[in-house]
Amino acid sequence: MTQRAEIEPGGPEPGSGGGPGGAAIDAGAELDPVHPVRPPAPRFKPAGLTTAEVAERVARGAVNDVPVRSSRSTADIVRANVFTRFNAIIGVLWVVMLIVAPLQDSLFGYVIIANTGIGIIQEMRAKKTLDGLAVIGEAKPSVRRDGRTAEISTSEIVLDDVIELGPGDKVVVDGKVGEAEGLEIDESLLTGEADPVLKKPGDPVMSGSFVVAGGGAFTATKVGREAYAAQLAEEATRFTLVHSELRSGISTILKYVTWMMIPTSIGLIISQLVVKDDNLKDAIARTVGGIVPMIPEGLVLLTSVAFAIGVIRLGRKQCLVQELPAIEGLARVDVVCLDKTGTLTEGGMDVTELRPLGGAEPSYVEKVLGALGESDPRPNASLQAIIDAYPDSAEWRCTESLPFSSARKYSGASFSEGDGENNTWLLGAPDVLLPAGDPALDEINGLNEQGLRVLLLARAARELDDAAVGTGAKPTALIVLEQRLRPDAADTLRYFEDQKVHAKVISGDNAVSVGAVAGKLGLPGAENTVDARTLPADQAEMAEVLDEHAVFGRVTPQQKRDMVAALQSKGHTVAMTGDGVNDVLALKDADIGVSMGSGSEATRAVAQIVLLNNSFSTLPSVVAEGRRVIGNITRVATLFLTKTVYSVLLAILVVCFQVEYPFLPRHLTLLSTLTIGIPAFFLALAPNKERAKPHFVKRVMRYAIPGGVIAAVATFVTYLVARHHYTGPEALQAETSAATLTLFLTSMWVLVIIARPYTWWRVALVGSMGAAFLIVLVVPWLQTFFELKLVGAELPWTAVGIAAAASALIEVTFRWVDRRFPA
């Protein structure tokens, strides 16, 4: 049928077949293997598709069917937790032990099953939380159908749908512009080009871009997996364990452990087969007993569990973590950049005063303001306050409009006022529209110092399409607006100050006004505000100014980005919060981007953390959760890696001295459970407010290496002394018992150090582990089960003495390490 509302005459555009733009425009006419015959895409239909046309497209599969993956699938979670390198090694050793040894020597296998099960369960809980939150946070584009506009899910969009666009909206599918009113689209997420592109009817738009100014509508020409940024969008919302210092550090440690394990295990196998030539099964059992504790398998699982629990805890507070390592990243932050509007202040504003200038009639000014409000279909918070105060009642006709842009700092419109008068009006920042030295600026500064926001209404002397339209504008009135402070903002700023995190307020508003708002909230240094227009362009010089000041006004979107880079150049870990389109570039470049749930789709797309309840007060919870996870994993990693070090060294000593390996798997399972497994689980979930520090591997290994070496040497010395002390057929069990006692006490002292600072529950935790080991030593059936029985008094007390000396040496060494190698 013929479309009367066509924007341009029919026929193919010149060059429409080439380049990404042409491909997008002609996408409706392309053929695919599933639907080889497809009618050409209709021209732009202002009323949108009919219900019948939508049904026809759904039937043939022309739907935006890109799967929304907020989390890994169940199969992926099970696969990732079960099929690991270390589970494979331990699984083989477990099967061997089930064949050649009693059940108690196979306990380590059941521990792995339990740990893997916990990992799967926790990630499944995290998946459920994330899936639910992702649906809550999903943007719903406005689509025209049957002449009406409605919000629908992105997955319900069909080919040829007409989708409306406004400031902050994300382009969710590829399309062709049909309507445009000052439509500026930022394609930096796709092309890397930061400058917005002005779009006109007929121009292509690509999914993944977003609107920075103006509005319009476009026809969907590519949907689903055909869209340019479909894969990009899928990746952006995926639950992923991407790069983090914690995970990469653990991977580095495990890589070196693997290389140490291979030659050590081979030497241990050969050694035990030679030493125990008369008892193959016992040789195999002791060999496995030496290999299993070398693997810090629990550390990997505990890290996953800690991250997953962190996501669940934050999810309950309506905080969507789009990437798990963001929890870690925010824990390392030492500078947080806050956008005033929407972060420190609530979205709404109120007009408190109207001050006509130059003898202007108040009633006429109110008519102008009402008409300006009516001319913008998507008003921002300031204009909405004006609309609420001065509803449009004049029968004026808008002939042209200029939408607000954060780069220009003003908007405008031209009106035919009904009496033959035609005027062009501008509404925006007074210090941008007025020349320096204008008398009105003194009055405005006084209002700004009270924390009030002031807009200037000016009559333009030039046309709206003139790049210098603001030059020579005649001031007509001042509109005084009061912003609503968030009730929780002051407490949140105080939290950051207590935690030694420097808050920087970076806003596009007037610097004095921003400083007044920050001062009301108690931000240190709020009285020394900086107008960003005076900032040096050199990055090093800018970084110096940023370090010395806390409040910045009149910051452009590009400057926000430059400021983040300048802070990072000084070694700061920077978090950026925001909710507007002008924050996107800075959010994207910051170490951690935090978006408000009510913010634009563009900000939510690039942020790692989305505060769905729009509450700035949630941010301390995120910081605290990150610090808890990172601080505690760093703490318990020392326990796991101390075991790895002493296990490898014990195996080397056994090979060098050509003696039987002193332990069966059951002994080291008992020790690992009491000195590492159970304590680590509780310590990993404990409160921890210490800011995360860099160099994870260095921080952990500086304790694990000396602790493991001392524990191994002390244990082996006890074992050699016992070999000279005991004789007879039961000698090996007595020797093993003495060596186990020394290793347990030494390992317990490492736990005592790691558990500091002490609280009642930490003391109870350490005490209960010691009591559990004592019960094993005194209860007859447990003695038999674990083959642990202390014989005589001399050797057990010797073992205790050696352990005491080793513990004292560990204490002194750890303190020396703290002074010599501070983290």
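Okay, so let's go over this structure. These numbers were taken from a predicted model, which means no experiment stands behind them. (Residues numbered from 1 in each chain as written. Predicted model: local features only at pLDDT ≥ 70, side-chain atom pairs only at ≥ 80, totals over all residues. Heavy atoms only, no water.)

**Some remarks on the overall build of the protein**
When its secondary structure is counted, the protein shows 28 helices and 21 strands. When the 823 residues of the protein are sorted by exposure, 56% land in the buried category. Across the protein, the fraction of contacts at a sequence separation of at least 24, relative to all contacts at a separation of at least 6, is 72%. By element, 59% of the accessible surface of the protein is carried by carbon and sulfur atoms, the whole surface being about 33,800 Å². (Helix = DSSP H or I, 4+ residues; strand = E, 2+ residues; numbered from the N terminus. Buried < 20%, exposed > 50% of the residue type's maximum accessible area, 1.4 Å probe, protein only. Contact = heavy atoms within 4.5 Å. Areas by Shrake-Rupley, 256 points an atom, 1.4 Å probe, with all protein chains shown as cover.)

**Thoughts on the nonpolar core**
Core analysis: the biggest nonpolar cluster contains 126 residues, and Leu-330, Leu-523, Ile-609 and Phe-773 have the highest contact counts within it. No other element matches the 17 residues that helix H22 (residues 619-657) contributes to this core. If you look at the next biggest cluster of nonpolar residues, it comprises 23 residues, including Leu-535, Leu-546, Ala-566 and Met-576. (Core = buried A, V, L, I, M, F, W, Y, C linked by side-chain atoms within 4.5 Å.)

**Focus: the packing of helix H24 (residues 696-725) against helix H28 (residues 794-820)**
With their axes 10 Å apart at the nearest point, H24 and H28 run at an angle of 165° to one another. Classified by the angle between their axes, H24 and H28 sit roughly antiparallel to one another. By crossing handedness, the relation of H24 to H28 is classed as right-handed. Between H24 and H28, the contacting residues are Arg-702, Tyr-703, Pro-706, Gly-707, Ile-710, Ala-714, Val-717, Thr-718, Val-721, Ala-722 and His-725 on the first element and Glu-794, Leu-795, Ala-799, Ile-802, Ala-806, Leu-809, Ile-810, Thr-813, Phe-814, Val-817 and Asp-818 on the second. Taken together, the residues of the contact of H24 with H28 sort by class into 15 nonpolar, 4 polar and 3 charged. (Axes fitted to C-alpha atoms, helices over the stretch in contact; angles between N-to-C directions. Parallel < 35°, antiparallel > 145°, perpendicular 65-115°, else oblique. Left-handed = near helix turned anticlockwise from the far one by under 90°. Nonpolar A, V, L, I, M, F, W, Y, C, P; charged D, E, K, R; others polar.)

**Overview of the pairing of strand E20 (residues 592-596)**
Of all the 5 residues making up E20, 5 are buried; the element is thus mostly covered by neighbouring parts of the structure. The alternating pattern of E20 places Ile-592, Val-594 and Met-596 and Gly-593 and Ser-595 on opposite faces, both of which are buried. Strand direction decides the pairing type here: strand E19 (residues 574-578) and E20, joined by 4 bridges, are parallel. Bridge pairing links Thr-577 to Val-594 in E20. Pairing between E20 and strand E21 (residues 609-611): 3 bridges, direction parallel. Along E21, the bridge assignment pairs Met-596 with Leu-611. (Pairing = 2+ DSSP bridges.)

**Quick notes on the side chain of Arg-628**
For Arg-628, the location among the structural elements is in helix H22. Setting aside residues no more than four positions away along its own chain, Arg-628 makes contact with Ala-306, Ile-309, Gly-310, Arg-313, Ala-684, Leu-685, Ala-686, Pro-687 and Asn-688.

**What about empty space enclosed by the protein?**
Applying the stated criterion across every chain, the model contains 1 cavity of 30 Å³ or more. By volume, the largest cavity is sized at about 50 Å³. Every residue lining the largest cavity is listed: Leu-639, Thr-642, Lys-643, Tyr-646, Thr-675, Ile-676, Ser-747 and Val-750. Those elements giving two or more residues to the lining of the largest cavity turn out to be H22, helix H23 (665-684) and helix H25 (731-754). At 4 residues, the largest contribution of residues to the lining of the largest cavity is made by H22. Looking at side-chain class alone, the lining of the largest cavity contains 4 nonpolar, 3 polar and 1 charged residues. (1 Å grid on protein atoms, 1.4 Å probe; cavity = no way out; pocket = protein on both sides within 12 Å on 5 of 7 lines; lining within 4 Å. Points joined across faces, edges and corners; volume = space filled by probe spheres on them.)

**Observations concerning the pattern of salt bridges**
Per the stated rule, a full pass over the model turns up 23 salt bridges. Residue Asp-431 is joined to Arg-554 by a salt bridge in which the shortest nitrogen-to-oxygen separation is 2.8 Å. On the criterion of sequence distance, the pair formed by Asp-431 in helix H14 (residues 430-433) and Arg-554 in the loop between strand E18 (551-553) and helix H19 (557-569) is long-range, its members being 123 residues apart. With a relative accessible area of 18%, Asp-431 lands in the buried category. A salt bridge links Arg-462 to Asp-466, with the nearest nitrogen and oxygen atoms 3.6 Å apart. (Salt bridge = Lys/Arg side-chain N within 4 Å of Asp/Glu carboxyl O.)

**Focus: the packing of aromatic side chains**
Under the counting rule described, the total for this entry stands at 11 aromatic pairs. Judged by centre distance (6.0 Å) and plane angle (75°), the ring pair of Tyr-661 and Phe-663 falls under edge-to-face. No difference in accessibility class separates Tyr-661 from Phe-663, as the two residues are buried. (Phe/Tyr/Trp six-rings, centres within 6.5 Å; stacked < 30°, edge-to-face > 60°.)

**A few points about the sheet that holds strand E16 (residues 502-506)**
Read across the sheet, 8 strands follow the order E8-E21-E20-E19-E9-E16-E18-E17 without closing on themselves; strand pairing throughout is mixed. Looking at strand neighbours, the two that pair on one side only are strand E8 (319-321) and strand E17 (529-531), the edges of this open sheet. The average angle at which neighbouring strand axes cross in this sheet is 20°, direction not considered. One ladder, built from 3 bridges, connects strand E9 (residues 335-338) with E19; its direction is parallel. Paired with Val-335 across the strands is Val-574, a residue of E19. Strands E9, E16, E18 and E19 of the sheet are contacted by H19, whose axis makes an angle of about 160° with E19.

**Points about the side chain of Gln-783**
Tracing the chain through its elements places Gln-783 in helix H27 (residues 780-786). Within the local environment of Gln-783, its side chain forms a polar contact with the backbone oxygen of Leu-777, the two atoms lying 2.4 Å apart. With residues near it in sequence (within four places) discarded, Gln-783 still touches Val-776, Leu-777, Val-778, Leu-788 and Lys-789. (Polar contact = N/O pair within 3.5 Å; in protein donor to acceptor, adjacent residues only side chain to side chain.)

**Concerning unusual backbone geometry**
Residue Pro-757 is reached from Arg-756 by a cis peptide bond, and omega for that bond is -5°. With respect to the element layout, Pro-757 can be found in the loop between H25 and helix H26 (760-778). Despite not being glycine, Asp-146 has its phi angle at roughly 55°, a positive value. Looking at where Asp-146 falls in the secondary structure, it is placed in the loop between strand E1 (142-145) and strand E2 (148-151). Of note in the backbone geometry, Gln-658 takes a positive phi value of approximately 50° without being a glycine. By the element assignment, Gln-658 lies in the loop between H22 and H23.

**Examining the environment of Thr-341**
For Thr-341, the location among the structural elements is in the loop between E9 and strand E10 (345-356). By relative accessible area, which is 24% here, Thr-341 ends up partly exposed. Taking the C-alpha atoms as reference, Thr-341 lies 9.3 Å from Leu-485; in sequence the two are 144 residues apart.

**Description of H19**
Here H19 is 13 residues long and its end C-alpha atoms lie 19 Å apart, about the 18 Å a rise of 1.5 Å per residue gives. Elements that come into contact with the buried residues of H19 comprise E9, E16, helix H18 (539-548), E18, E19 and helix H20 (584-589). Of the residues one or two after H19, Gly-571 is the one with positive phi, at around 85°. (Expected span 1.5 Å × (residues − 1).)

**Here's the deal with the pairing of strand E3 (residues 162-165)**
Of the two faces of E3, both are covered, the one formed by Val-162 and Glu-164 as well as the one formed by Ile-163 and Leu-165. Examined bridge by bridge, E1 and E3 share 2 bridges and lie antiparallel to one another. Each residue of the ladder has a partner; that of Arg-144, found in E3, is Val-162. Sheet topology places E3 next to strand E7 (residues 210-222); 4 bridges connect them, and they run antiparallel. Residue pairing for E7: Val-162 is matched across the bridge by Thr-219.

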